[in-house]
Amino acid sequence: MMQLFAAVLLGSAVWWLCSPSARLRVVVSTALPQAEREQASLLLRLRIPLSALAFVAGWAFLGGLPGMAVGALAAGVSWRVLGRAESPTRRRRRERLEADLPWGVQLLGSCLIAGAAVPSSLRTVADAIPGPLGDEFGLLHHRLALGEDPVQVWRELCDHDQLRPLGRALVRAQESGTPVAGSIQALADELRARRRAAVEERARSVDVKASAPLGVCFLPAFILLGVVPMVVGIFSSLRLFG
């Protein structure tokens, strides 16, 4: 009975994923806003059937009340993990924001040093750097143009996962009365240094990761060509039965 229930759940998930309506939703979702595209993520759409399969697996493994308890725990963990899963669209957006942020902040600081106001500087950066960073800066420009309190806008920016450093720098400049251009320029230098260090760290990790497959490939050859002939030669030179 449990095996039949698991098979039905798995078949329903596969059919729902491969159905034309599901494929149509994936295609249409590329033209939707970011939040709606994330809701169409594969793992999020399969959250319910996968959690149910985790419950059935735990129940089938132990059976009885212990199996139901383990299955419920597995289902809860699966639901939590799948809910936190980062969709490909969100991951690409995050990586693009992290890559463009140092240059966007640098351009913002240059505009402020040239004497432009913060809203117009944000608009200039939004026009110069298309993509997620331009969208975020354009949204900030519109909020300021509508008359929102800049301090409140910067404090809300501190909750952004990628733009948090910019929000903190702007809040500090507003609260301390220091020139905003100097704070933004210092932040740009810091972000470029962090980005450079991250790139160098990834480059070093590539060398380490590449050495492991090479070692796996060369170790058998070393054993066969170096160790085995030496061991055979040593044993052949011994007179064990002489």
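Residues numbered from 1 in each chain as written. Predicted model: local features only at pLDDT ≥ 70, side-chain atom pairs only at ≥ 80, totals over all residues. Heavy atoms only, no water.

Colleague: Please clarify how helix 7 (residues 88–113) should be interpreted in this entry.
Modeller: Given 3.6 residues to a turn, an α-helix orients residues that are three or four positions apart in the same direction. For helix 7, which comprises 26 residues, the first-to-last C-alpha distance of 37 Å matches the rise-based estimate of 38 Å (1.5 Å per residue) to within 8%. Considering bend angle alone, the principal kink of helix 7 is centred on Leu101 and spans about 40°; proline Pro102 follows within four residues of it. For helix 7, every residue scored as buried is listed here: Leu97, Ala99, Asp100, Leu101, Pro102, Gly104, Val105, Gln106, Leu108, Gly109, Cys111 and Leu112. (Helix = DSSP H or I, 4+ residues; strand = E, 2+ residues; numbered from the N terminus. Expected span 1.5 Å × (residues − 1). Bend = angle between axes of the 7 residues up to and from the residue. Buried < 20%, exposed > 50% of the residue type's maximum accessible area, 1.4 Å probe, protein only.)

Colleague: Mind showing me how you'd approach the packing of helix 9 (residues 132–145) against helix 10 (residues 150–157) here?
Modeller: Each pair of packed helices can be described by the angle between their axes along with the distance between the axes. Contact geometry of helix 9 with helix 10 gives a least axis separation of 10 Å together with a crossing angle of 155°. Looking at the two axes, helix 9 sits roughly antiparallel to helix 10. For the element pair helix 9 and helix 10, the recorded crossing hand is right-handed. Contact with helix 9, carried on its side by Leu140, Arg143 and Leu144, involves Pro150, Val153, Trp154, Glu156 and Leu157 of helix 10 and no other residues of that element. Residues that form the contact of helix 9 with helix 10 fall into these classes: six nonpolar, no polar and two charged. (Axes fitted to C-alpha atoms, helices over the stretch in contact; angles between N-to-C directions. Parallel < 35°, antiparallel > 145°, perpendicular 65-115°, else oblique. Left-handed = near helix turned anticlockwise from the far one by under 90°. Contact = heavy atoms within 4.5 Å. Nonpolar A, V, L, I, M, F, W, Y, C, P; charged D, E, K, R; others polar.)

Colleague: I tried to follow helix 10 on my own but got confused; where do I start?
Modeller: For helix 10, every residue scored as buried is listed here: Val153, Trp154 and Leu157. For helix 10, the angular spread of buried residues about the axis comes to 95°, placing them on one side. In this fold, the buried residues of helix 10 make contact with helix 8 (118–128), helix 9 and helix 11 (164–176). (Arc of directions from axis to C-beta.)

Colleague: Mind showing me how you'd approach the pattern of salt bridges here?
Modeller: Considering all chains together, one arrives at ten salt bridges under this definition. As a salt-bridge pair, Glu136 and Arg93 come within 2.8 Å of each other at their nearest N and O atoms. With a gap of 43 residues between them, Glu136 in helix 9 and Arg93 in helix 7 connect regions that are remote in the sequence. The shortest N-O distance in the salt bridge between Asp161 and Arg164 comes to 3.7 Å. (Salt bridge = Lys/Arg side-chain N within 4 Å of Asp/Glu carboxyl O.)

Colleague: What's the story with the nonpolar core in this structure? I'm lost.
Modeller: Soluble globular proteins: nonpolar side chains tend toward being buried together. Judged by nonpolar contacts, the single largest core of 29 residues is most densely connected at Val105, Leu108, Phe137, Trp154, Leu166 and Ile184. Secondary structure elements with two or more residues in this core: helix 7, helix 8, helix 9, helix 10, helix 11 and helix 12 (180–237). Here this core gets six residues from one element, more than from any other, and that element is helix 12. Apart from residues lying up to four places away in sequence, Val105 is in contact with Leu166, Ile184, Leu187, Ala188 and Leu191. (Core = buried A, V, L, I, M, F, W, Y, C linked by side-chain atoms within 4.5 Å.)

Colleague: Would you mind going over the side chain of Gln162 with me for this structure?
Modeller: Mapped onto the fold, Gln162 is located in the loop between helix 10 and helix 11. Among all residues touching Gln162, those that are not within four sequence positions of it are Arg94, Leu97, Glu98 and Leu101.

Colleague: I would appreciate a short explanation of the confidence of the model for the protein chain in the present structure.
Modeller: A low pLDDT score tells you not to read the predicted coordinates there in detail. This prediction gives the protein chain a mean pLDDT of 75; 72% of its residues lie at or above 70. Under a pLDDT of 50 for its full length, residues 1–11 has, in the predicted model, ten contacts with residues more than four places off or in other chains. Contacts for the low-pLDDT stretch residues 13–40, under 50 throughout, to residues beyond four places or in other chains number 27 contacts. (pLDDT = per-residue confidence, 0-100.)

Colleague: Teacher, can you tell me more about the packing of helix 10 against helix 11 here?
Modeller: Here helix 10 crosses helix 11 at 145°, and the two axes come no closer than 7 Å. The two elements helix 10 and helix 11 meet at a crossing, and its hand is left-handed. Contacts from Val151, Trp154, Arg155 and Leu157 of helix 10 reach helix 11 at Arg164, Leu166, Gly167, Leu170, Val171, Gln174 and Glu175. Among the residues forming the contact of helix 10 with helix 11, the class breakdown is six nonpolar, two polar and three charged.

Colleague: Quick question: what am I supposed to make of a nonpolar patch on the surface here?
Modeller: Residues Leu219, Phe222, Ile223, Leu224, Leu225, Val228 and Val232 make up a contiguous nonpolar surface patch of about 710 Å² in total accessible area. Along the polypeptide, Leu225 turns up in helix 12. (Patch = residues over 30% accessible without salt bridge, like charges linked within 9 Å, V, L, I, M, F, W, Y side chains within 5 Å. Areas by Shrake-Rupley, 256 points an atom, 1.4 Å probe, with all protein chains shown as cover.)

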